[in-house]
Amino acid sequence: MIPLEELLSQIPQEDYPKQSRIHKLPFLSCEKKKWFIKREDELGFFTSGCKVRKWRTLIPALVLDQVESAILIGSANSSNVLGLTLLLLEKGIKPLPLLLKPSSDIQGNRLFIELSLRQTKPIFVERKDWPEVETIAASLKESMSTKTAIIPEGSNTKDAFFGALTLALDVVRNEKEQKISFDHIFIDAGTGLQAAALILGLGSMGHKAKLSVLLLDEDHDKFQKTLRHWQSVLKSDHPLNYQTFVPKGQRGFRPLSESGFKKIVEFARDSGVWTDPLYSGRLITEAPLEAAYFEGNILLIHTGGLNSLFGFNDTLRKIHSG
Ligand SMILES: *Cc1c(COP(=O)(O)O)cnc(C)c1O
């Protein structure tokens, strides 16, 4: 594998932000354990979090391909679909959201997805048909008269993978600038693309940190397969230092329960950092449990996703009125 910076210099990229800061989490830290957080949530607002890194290389690939429209697969409250919708509109490419039919009223990211589209309405797929969504997307593409791309859930594509590699370089930049080195790094995983890119990126630089990946879909084998796949794409044979773990608290790939939301609120009060109910809010509660016997400098990657909080006004209001 060629060095990461050289590899990335050969890939067309948009100039979306790729540097996020890190800071301490004093309230979590003790003598043996110093906690830090990397604020990927500060990379933007509707276009924020680690996804900005994926879009950095995904959007140029669509532009180079002269695509005229793009089918965007995701949940109704998807930050990925909302962010991509906006970045595609910017480029004059027509977004066509293909969404899992929600059970709730129009709110949160879905409200902003729909408000961002003038004539187009999202196409909703019933939950029972959702396992076939890629087939549904393929036949939709067939029926289109314009050149159309299909973007899978979470922008899980090769073009997005290269952008995701920038996270490893940015962690190393943080370390150099703050003159510290991390012994442990925690990240959450949905499709696992971003976590795999971080493991492979740090591995290629010989970084000594051990990565702990919180698997929100709780499937170790699927993550191993994902990691091996991207390893072969990179032709990388560097040693990799990582482990996976699954939530000890609430299970399943769904938003937090009310007690989980209370932890998000407590964390914001302790640290000044809000987290989202699907990814980072799970990581901040699960990582300290997993790190019970860890020592040294520990970094939590805040992967973003805060705008999905707008879909949970009722729960948050309930906590507010206590
Ligand atoms: C998409 C997303 C993830 C997961 O990224 P994967 O590459 O699919 O594992 C994590 N956190 C947030 C906020 C996301 O939007």
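Refer to the structure printed above.
Numbers given for residues are sequential positions, taken from 1 along each chain in its written order. Reporting in this predicted model follows two pLDDT cut-offs: at least 70 for local features of residues, and 80 or more for side-chain atom pairs to be given and counted; totals over whole chains, interfaces and linings ignore these cut-offs and use all residues. Note: side-chain values were computed over all heavy atoms of the structure, leaving out hydrogens and water.

1. Brief notes about the pattern of salt bridges
Just so we agree on the cut-off: Here, a salt bridge means any side-chain nitrogen of Lys or Arg that lies within 4 Å of a carboxyl oxygen of Asp or Glu. Counting from the N terminus, the helices are the DSSP runs of H or I reaching at least four residues and the strands are the DSSP runs of E reaching at least two. Only protein chains enter the calculation, and the probe is 1.4 Å; a residue is then buried if its accessible area is under 20% of its type maximum, exposed if over 50%, and partly exposed in between.
Under the defined criterion, the tally for this structure stands at 20 salt bridges. The salt bridge partner of Arg-21 is Glu-42, with a shortest N-O separation of 2.7 Å. One end of the pair, Arg-21, is in the loop between α1 (4-9) and β1 (22-24); the other, Glu-42, is in the loop between β2 (33-39) and α2 (51-64), and 21 residues separate them in sequence. Classification of Glu-42 by relative accessible area gives partly exposed; the value is 40%. Put simply, Lys-147 and Asp-65 hold a salt bridge, and the shortest N to O gap is 3.7 Å. In this pair, Lys-147 is assigned in the loop between α5 (133-142) and β6 (148-151) and Asp-65 in the loop between α2 and β3 (69-75), connecting sequence segments 82 residues apart. What makes Asp-65 partly exposed here is its relative accessible area of 44%. One connected set of salt bridges, linked through shared partners, spans Lys-38, Glu-40, Arg-53, Asp-170, Arg-173 and Glu-177.

2. So, the sheet that holds strand β10 (residues 296-302)
Test applied: The pairing criterion for strands is at least two bridges between them, as found by DSSP. Every angle, taken between N-to-C directions, lies between 0 and 180 degrees, and every axis is a line fitted to C-alpha atoms, over only the stretch in contact when it is a helix. Contacts were defined at the residue level, with two residues in contact if any of their heavy atoms lie within 4.5 Å.
The sheet built from 6 strands is open, its strands ordered β1-β2-β10-β7-β8-β9 with mixed pairing. Every interior strand has two partners, whereas the edge strands, β1 and β9 (242-245), have only one. Taken pair by pair, the neighbouring strands of this sheet meet at an average axis angle of 25°, ignoring direction. Sitting on the sheet, helix α7 (residues 166-178) touches β1, β2, β7 (184-189) and β10, and the angle it makes with β2 is about 125°.

3. Section: the pairing of β7
Inclusion rule: By definition, the crossover connecting two strands over a helix is right-handed if that path, from the first strand to the second, turns clockwise as seen with the strands pointing away from the viewer.
Within β7, 6 of the 6 residues are buried, which leaves the element mostly enclosed by the surrounding structure. In β7, alternate side chains face the same way, and those of His-184, Phe-186 and Asp-188 on one face and Ile-185, Ile-187 and Ala-189 on the other are all buried. Once you follow β7 into helix α8 (residues 193-204) and on to strand β8 (residues 210-215), the crossover reads as right-handed.

4. A word on the packing of aromatic side chains
Where we set the bar: Side-chain rings of Phe, Tyr and Trp (the six-membered ring for Trp) are treated as a pair once their centres are within 6.5 Å; stacked means planes under 30 degrees apart, edge-to-face means over 60, and tilted covers the remaining angles.
Under the counting rule described, the total for this entry stands at 12 aromatic pairs. Centre to centre, the rings of Phe-223 and Tyr-242 are 6.3 Å apart; their planes meet at 65°, and the pair counts as edge-to-face. With a gap of 19 residues between them, Phe-223 in helix α9 (residues 220-234) and Tyr-242 in strand β9 connect regions that are remote in the sequence. On the basis of relative accessibility, which here comes to 4%, the residue Phe-223 falls in the buried class. For Tyr-242, a relative accessible area of 23% translates into the label partly exposed. Three or more aromatic residues joined by ring pairs form one cluster here, namely Trp-35, Phe-186, Phe-245 and Phe-294.

5. Points about a nonpolar patch on the surface
Stated precisely, the cut-off is as follows: Exposure above 30% relative accessible area and no salt bridge define the residues that can form patches, which grow by joining like charges within 9 Å and nonpolar side chains of Val, Leu, Ile, Met, Phe, Trp and Tyr within 5 Å. Surface accessibility follows the Shrake-Rupley procedure with a 1.4 Å probe radius. Residue values consider only the protein chains on display as shielding.
Together, Ile-106, Leu-111 and Leu-115 line one region of the surface with nonpolar side chains, adding up to about 260 Å² of accessible area. Tracing the sequence through the fold places Leu-111 in helix α4 (residues 108-115). For Leu-111, a relative accessible area of 30% puts it in the partly exposed group.

6. Digging into the pairing of β3
Burial analysis of β3 places 6 of its 7 residues in the buried class, the great majority of the element. Of the pairings in the sheet, the one linking β3 to strand β4 (residues 94-100) comprises 7 bridges and is parallel in character. Of the residues in β4, the one forming a bridge with Ser-75 is Leu-100. What joins β3 to β4 is helix α3 (residues 79-91), and the crossover it makes is right-handed.

7. Concerning α8
Residues spaced three or four apart along an α-helix point in a common direction, a consequence of the helix completing one turn every 3.6 residues. Going by this rule: A helix is expected to span 1.5 Å multiplied by its residue count minus one.
Here α8 contains 12 residues, and its C-alpha end-to-end distance of 16 Å stays within 8% of the 16 Å for a straight helix at 1.5 Å per residue. Burial analysis of α8 places 12 of its 12 residues in the buried class, the great majority of the element. Along α8, the positions that sit buried rather than exposed are Leu-193, Gln-194, Ala-195, Ala-196, Ala-197, Leu-198, Ile-199, Leu-200, Gly-201, Leu-202, Gly-203 and Ser-204. Looking at the residues trailing α8, positive phi occurs at Gly-206, about 70°.

8. Considerations on the environment of Ser-79
Heads up, the condition is: The definition of a polar contact used here is a pair of N or O atoms within 3.5 Å, where within protein one atom must be able to donate a hydrogen and the other to accept one, and adjacent residues in sequence count solely through side-chain atom pairs.
Looking at the element boundaries, Ser-79 is found in helix α3. A residue is classified by how much of its surface remains accessible, and Ser-79, at 22% relative accessible area, is partly exposed. Expressed as a C-alpha distance, the spacing of Ser-79 and Ser-48, which sit 31 residues apart in the sequence, is 8.6 Å. The contacts of Ser-79, once residues within four sequence positions are left out, are Trp-55, Asn-109, Gly-305, Asn-307 and Ser-308. Side chain to side chain, Ser-79 and Asn-307 meet in a polar contact 3.1 Å long.

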